[in-house]
Amino acid sequence: AQRVTQPEKLLSVFKGAPVELKCNYSYSGSPELFWYVQYSRQRLQLLLRHISRESIKGFTADLNKGETSFHLKKPFAQEEDSAMYYCAPLPGTYKYIFGTGTRLKVLA
Amino acid sequence: DVKVTQSSRYLVKRTGEKVFLECVQDMDHENMFWYRQDPGLGLRLIYFSYDVKMKEKGDIPEGYSVSREKKERFSLILESASTNQTSMYLCASSLPPTTDTQYFGPGTRLTVL
């Protein structure tokens, strides 16, 4: 079965510390890969997608095909990064498989 | 600017009632989706529509139905609401291909008593 795993439900880091939100998926082939973010009282929105290779708000995500991972990273966390983050591999069909989400709390 | 709107932010219904959740998008998107969002479970796809009057079941369609009579509007129907359908419901839309970015509505928090 196709699966995506975000092992941490809650991740707390101090402001200025590096952040890594983990995402592992199990698919055959090469899925399109997305990270979505939901800030408090805001709608879910795209943070970044692998194909565009962009860095959004200082976040990057590296695809590791060997480990089937797509971890989200930021070198220096900011308080405004506190939010719920969802990894969403899209295995070539319309059916996103969203992860269970990781709540990031950046402490002052 | 992309806009997806949902008819209600909060809704309280009683067990057994028929419930309609409406979603409207103004981006001329072909694809529309309904998800439910529950703590610890993430987002789960209920139904998907790729064109007017076309629909596909998602991962958890039981107890739900959908209607898409116009391109911009996608309705989720709970035929007989039950307490285990208390949840946050999110609507989304996207352009084809289906690998494109999804744009989400603000969500409807439904409570079934």
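If you're wondering where the values come from, they're calculated on a predicted model, not measured in any experiment. (Residues numbered from 1 in each chain as written. Chains lettered and ligands numbered in written order. Predicted model: local features only at pLDDT ≥ 70, side-chain atom pairs only at ≥ 80, totals over all residues. Heavy atoms only, no water.)

Residues and elements named next belong to chain A. Position of Leu 72 relative to the elements: it lies in strand S8 (residues 69–74). Here Leu 72 falls in the buried class, since its relative accessible area comes to 0%. Along the backbone, Leu 72 and Trp 35 are 37 residues apart, and their C-alpha atoms lie at a distance of 7.8 Å. Excluding anything up to four places from it in sequence, Leu 72 contacts Val 19, Glu 20, Leu 21, Trp 35, Leu 47, Leu 48, Phe 59, Thr 60, Ala 61 and Tyr 85. (Helix = DSSP H or I, 4+ residues; strand = E, 2+ residues; numbered from the N terminus. Buried < 20%, exposed > 50% of the residue type's maximum accessible area, 1.4 Å probe, protein only. Contact = heavy atoms within 4.5 Å.)

Attention now goes to the state of the cysteines. Enumeration over the complete set of coordinates arrives at two disulfides over all chains. Disulfide pairing places Cys23(A) opposite Cys87(A) at an S-S distance of 1.9 Å. On the S-S bond that ties Cys23(A) to Cys87(A), the torsion sits near -60°, and the link is left-handed. With a gap of 64 residues between them, Cys23(A) in the loop between strand S3 (19–21) and strand S4 (24–26) and Cys87(A) in strand S9 (residues 83–90) connect regions that are remote in the sequence. There is a disulfide in this structure between Cys23(B) and Cys91(B), and the S-S distance comes to 1.8 Å. On the S-S bond that ties Cys23(B) to Cys91(B), the torsion sits near -75°, and the link is left-handed. One end of the pair, Cys23(B), is in strand S3 (residues 19–25); the other, Cys91(B), is in strand S9 (residues 87–94), with 68 residues separating them in the sequence. (Disulfide = S-S within 2.5 Å.)

Bringing the sheet that holds strand S2 (residues 10–14) of chain A into the picture now. Residues and elements named next belong to chain A. Strand order in the open sheet formed by five strands is S2-S10-S9-S5-S6, with mixed pairing between adjacent strands. Of all strands in the sheet, those with a lone pairing partner are S2 and strand S6 (45–49), marking the two edges. Between one strand axis and the next, the sheet turns through 30° on average, direction left out of account. Alignment of S9 against strand S10 (residues 102–107), held across three bridges, turns out to be antiparallel. The partner of Tyr 85 across the bridge, within S10, is Thr 102. (Pairing = 2+ DSSP bridges. Axes fitted to C-alpha atoms, helices over the stretch in contact; angles between N-to-C directions.)

Another aspect to go through is the nonpolar core. The nonpolar side chains of a soluble globular protein tend to be buried with one another. Ranked by size, the top nonpolar core spans 25 residues in total, and within it Leu21(A), Trp35(A), Leu47(A), Leu48(A), Leu72(A), Tyr85(A) and Leu104(A) carry the most contacts. Sorting the residues of this core by element identifies S2, S3, strand S5 (32–38), S6, S8, S9 and S10 of chain A as the ones contributing at least two each. Once residues within four sequence positions are removed from consideration, Leu21(A) is found in contact with Glu8(A), Leu11(A), Trp35(A), His71(A), Leu72(A), Tyr85(A), Thr102(A) and Leu104(A). Counting residues in hydrophobic clusters, the runner-up holds 21 residues, among them Val4(B), Leu11(B), Leu21(B) and Ile46(B). (Core = buried A, V, L, I, M, F, W, Y, C linked by side-chain atoms within 4.5 Å.)

One frequently used descriptor of interface size is the decrease in accessible area upon assembly of the parts. Counting residues at the interface gives 23 residues for chain B, matched by 18 residues for chain A. Together chain B and chain A conceal approximately 1800 Å² of surface at their shared face, both sides included; 54% is due to carbon and sulfur atoms. Linking chain B with chain A are zero salt bridges, by the criterion used here. Applying the counting rule to chain B against chain A returns six residue pairs in polar contact (both at pLDDT 80 or more). No other element matches the four residues that strand S5 (residues 42–51) of chain B contributes to the side of chain B that touches chain A. (Buried area = accessible area lost by both parts, 1.4 Å probe. Salt bridge = Lys/Arg side-chain N within 4 Å of Asp/Glu carboxyl O. Polar contact = N/O pair within 3.5 Å; in protein donor to acceptor, adjacent residues only side chain to side chain.)

Remember, this is a structural readout, not a statement about activity or role.
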